[in-house]
Amino acid sequence: MTDNTSAGPPATDAPSPADGYVGDPAVRAEWDNRYADRQQLWSGRPNAALVAEVAGLTPGRVLDVGCGEGADAVWLARAGWDVTALEVSGVALERAAGHARDAGLTVRWVHAALAEAPLPPASFDLVSAQYPALLRTPDAAAERALLGAVAPGGVLLLVHHAGMDAQQAHDSGFDPADYVWPSMVAALLDHDWVVEVNEQRPRVAPDGGAGAHHTDDVVLRARRLR
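Everything in this summary refers to the structure shown in the same document.

Rules of the game
Residues numbered from 1 in each chain as written. Predicted model: local features only at pLDDT ≥ 70, side-chain atom pairs only at ≥ 80, totals over all residues. Heavy atoms only, no water. Axes fitted to C-alpha atoms, helices over the stretch in contact; angles between N-to-C directions. Helix = DSSP H or I, 4+ residues; strand = E, 2+ residues; numbered from the N terminus. Parallel < 35°, antiparallel > 145°, perpendicular 65-115°, else oblique. Contact = heavy atoms within 4.5 Å. Nonpolar A, V, L, I, M, F, W, Y, C, P; charged D, E, K, R; others polar. Salt bridge = Lys/Arg side-chain N within 4 Å of Asp/Glu carboxyl O. Buried < 20%, exposed > 50% of the residue type's maximum accessible area, 1.4 Å probe, protein only. Pairing = 2+ DSSP bridges. Right-handed = clockwise from strand over helix to strand, strands pointing away. Expected span 1.5 Å × (residues − 1). Polar contact = N/O pair within 3.5 Å; in protein donor to acceptor, adjacent residues only side chain to side chain. Core = buried A, V, L, I, M, F, W, Y, C linked by side-chain atoms within 4.5 Å.

**A few points about the packing of helix α1 (residues 25-36) against helix α4 (residues 90-103)**
And step 1. Between α1 and α4, whose axes approach to 7 Å, the crossing angle comes to 55 degrees. Classified by the angle their axes make, α1 and α4 are oblique. Within the contact between the two elements, α1 uses Asp32, Tyr35 and Ala36 and α4 uses Gly90, Val91, Ala92 and Arg95.
And step 2. Residue composition of the contact of α1 with α4, by class: four nonpolar, one polar and two charged.

**Some points on the pattern of salt bridges**
And step 1. A complete count under the given rule lists 10 salt bridges for this structure.
And step 2. Residue arginine 108 is joined to aspartate 82 by a salt bridge in which the shortest nitrogen-to-oxygen separation is 2.3 Å. Of the two residues, arginine 108 sits in strand β3 (residues 107-111) while aspartate 82 sits in strand β2 (residues 82-87), which places them 26 residues apart along the sequence.
And step 3. Note that glutamate 196 is salt-bridged to arginine 223, the shortest N-O span being 2.8 Å. Taken together, the positions of glutamate 196 in strand β6 (residues 193-202) and arginine 223 in strand β7 (residues 216-224) put the pair 27 residues apart, joining distant regions of the chain.
And step 4. With a relative accessible area of 31%, glutamate 196 lands in the partly exposed category.
And step 5. Among the charged side chains, a salt-bridge network with shared partners connects Glu53, Glu196, Glu199, Arg201, Arg221 and Arg223.

**Some details on the pairing of strand β1 (residues 61-65)**
And step 1. The buried fraction of β1 amounts to four of the five residues, a majority that puts the element mostly inside the structure.
And step 2. Where β1 meets β2, five bridges bridge the pair, whose relative direction is parallel. Within β2, the position partnered with valine 62 by the bridge is valine 83.
And step 3. For the handedness criterion, the β-α-β arrangement of β1, helix α3 (residues 71-78) and β2 is classed as right-handed.
And step 4. Relative to strand β4 (residues 124-130), β1 is paired through four bridges, and the arrangement is parallel. The partner of aspartate 64 across the bridge, within β4, is serine 128.

**Brief notes about unusual backbone geometry**
And step 1. One non-glycine residue, tyrosine 131, lies in the positive phi region at around 55 degrees.
And step 2. Along the chain, the position of tyrosine 131 falls in the loop between β4 and α5 (141-149).
And step 3. With a relative accessible area of 16%, tyrosine 131 lands in the buried category.
And step 4. Residue alanine 140 is not a glycine yet carries a positive backbone phi of 55 degrees.

**Some thoughts on α1**
One full turn of an α-helix is made of 3.6 residues, so residues set three or four places apart face in the same direction.
And step 1. Taking 1.5 Å per residue, 12 residues should reach 16 Å; α1 reaches 16 Å between its end C-alpha atoms and fits that length.
And step 2. Lining the buried residues of α1 we find β2, α4 and β3.
And step 3. Where α1 begins, the side chain of aspartate 24 points an oxygen toward the backbone nitrogen of alanine 26, at a separation of 2.9 Å.

**Some words on the nonpolar core**
And step 1. Ranked by internal contacts, the top residues of the largest apolar core, which has 27 residues, are Val54, Trp81, Val83, Val107, Trp109 and Leu126.
And step 2. Taken together, the elements giving at least two residues each to this core come down to α2 (48-54), α3, β2, α4, β3 and β5 (150-161).
And step 3. Those residues in contact with valine 83 that sit more than four places away from it in its chain are Val62, Ala73, Leu76, Ala77, Val107 and Arg108.
And step 4. Within the second largest apolar cluster, 25 residues are counted, among which are Leu86, Leu114, Leu146 and Leu220.

The following block contains the structure:
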């Protein structure tokens, strides 16, 4: 948690099964099952788009949305950022906290869905969402939560796989219409924001890990003016 909210367990400890998860239990169960199926779901390396886009930023307070097994959170903490990492899966958070602990780094872990998370508004210098699986709602709750977390002068960095939003629903149950895509967030940006990057580019994909077959990213980076 952030400094001016209820902090709960020590920052480097993984949340316990009774940690007061905030969000839809079905979503938590779905992602817990996905992580439990493998000893390691992702590559263990930070996302290349994050590394590239953060290179010129001064470290401050960062919210890592959908932190997974913690590669981005650990990289950001090592680079001097004050990291709050949010994730719906308790299985993933346990792994992430273990990686941070092994590295001797402090990260605040928040076990919650983004729209329901008890986060202080407008308080992060960087909000990073790398390939997030944010469910779409009629009131655009997830999109507004992303924007609302960014402090004046801060940056929202949203990265996703290009072309996924145009796919047809899969027999597996995945329907792109159920999820938030960068274009939906960009559509909500008003005169309080300036778009610094909004483009499709080749993805520098790490070896191994789920999602390694995707070849292009959509990168949206916007700065909040006030």
